[in-house]
Amino acid sequence: QVQLVESGGGLVQAGDSLRLSCAASGGTFSSYAMGWFRQAPGQEREFVSRITWSGHTYYADSVQGRFTISRDNAKNTVYLQMNSLKSEDTAVYYCAADRNKSGKSTLTWSYDYWGQGIQVTVSS
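Since the structure is predicted, the reported quantities are computational estimates derived from the model, not experimental observations. (Residues numbered from 1 in each chain as written. Predicted model: local features only at pLDDT ≥ 70, side-chain atom pairs only at ≥ 80, totals over all residues. Heavy atoms only, no water.)

1. Concerning the side chain of Arg38
Within the fold, Arg38 resides in strand E4 (residues 33-39). Within the structure, Arg38 has its side chain in polar contact with the side chain of Ser62 (distance 3.4 Å). Here Asp89 takes part through its side chain, which lies 2.9 Å from a polar atom of the side chain of Arg38. In contact with Arg38, not counting residues within four places along its chain, are Glu44, Arg45, Glu46, Val48, Ser62, Val63, Phe67, Glu88, Asp89, Ala91, Val92 and Tyr93. (Helix = DSSP H or I, 4+ residues; strand = E, 2+ residues; numbered from the N terminus. Polar contact = N/O pair within 3.5 Å; in protein donor to acceptor, adjacent residues only side chain to side chain. Contact = heavy atoms within 4.5 Å.)

2. Side note on the pattern of salt bridges
Following the criterion strictly, the structure yields five salt bridges and no others. Linking Arg50 and Asp98 is a salt bridge whose minimum nitrogen-to-oxygen distance equals 2.9 Å. In this pair, Arg50 is assigned in strand E5 (residues 46-51) and Asp98 in strand E9 (residues 91-98), connecting sequence segments 48 residues apart. Taking the relative accessible area as the measure of exposure, Arg50 reaches 0% and is therefore buried. Here Asp98 falls in the buried class, since its relative accessible area comes to 3%. We note a salt bridge from Asp89 to Arg66, for which the minimum N-O separation is 2.7 Å. One end of the pair, Asp89, is in the loop between strand E8 (77-82) and E9; the other, Arg66, is in the loop between strand E6 (57-59) and strand E7 (67-72), with 23 residues separating them in the sequence. When its relative accessible area of 0% is taken as the criterion, Asp89 is described as buried. (Salt bridge = Lys/Arg side-chain N within 4 Å of Asp/Glu carboxyl O. Buried < 20%, exposed > 50% of the residue type's maximum accessible area, 1.4 Å probe, protein only.)

Set out below in structure tokens:
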């Protein structure tokens, strides 16, 4: 069983940057692909980014060029660097782990473990 804990959220202004972290425990972190999702009020949870066990990265079109996902297997941590934030980035952000460690998956149901989520609010 993998436990995931997000940190680094908060309230920022449009154009600012923020870095989310997700610390994993209880499993072999390096054997999972890791993803970030977000959910705005009244909307479905949506894919943001993914990094495979080998470091391949994928992004939603809406964040491509502004967000960067990375992982530190020695620290069992995945990061999401968010730059040039916009008001439409406001959401609860979730970290997720996928036992299918390679390939691209943007579907929530394909991820096996989830964090509790953390609020990111971008004021315009």
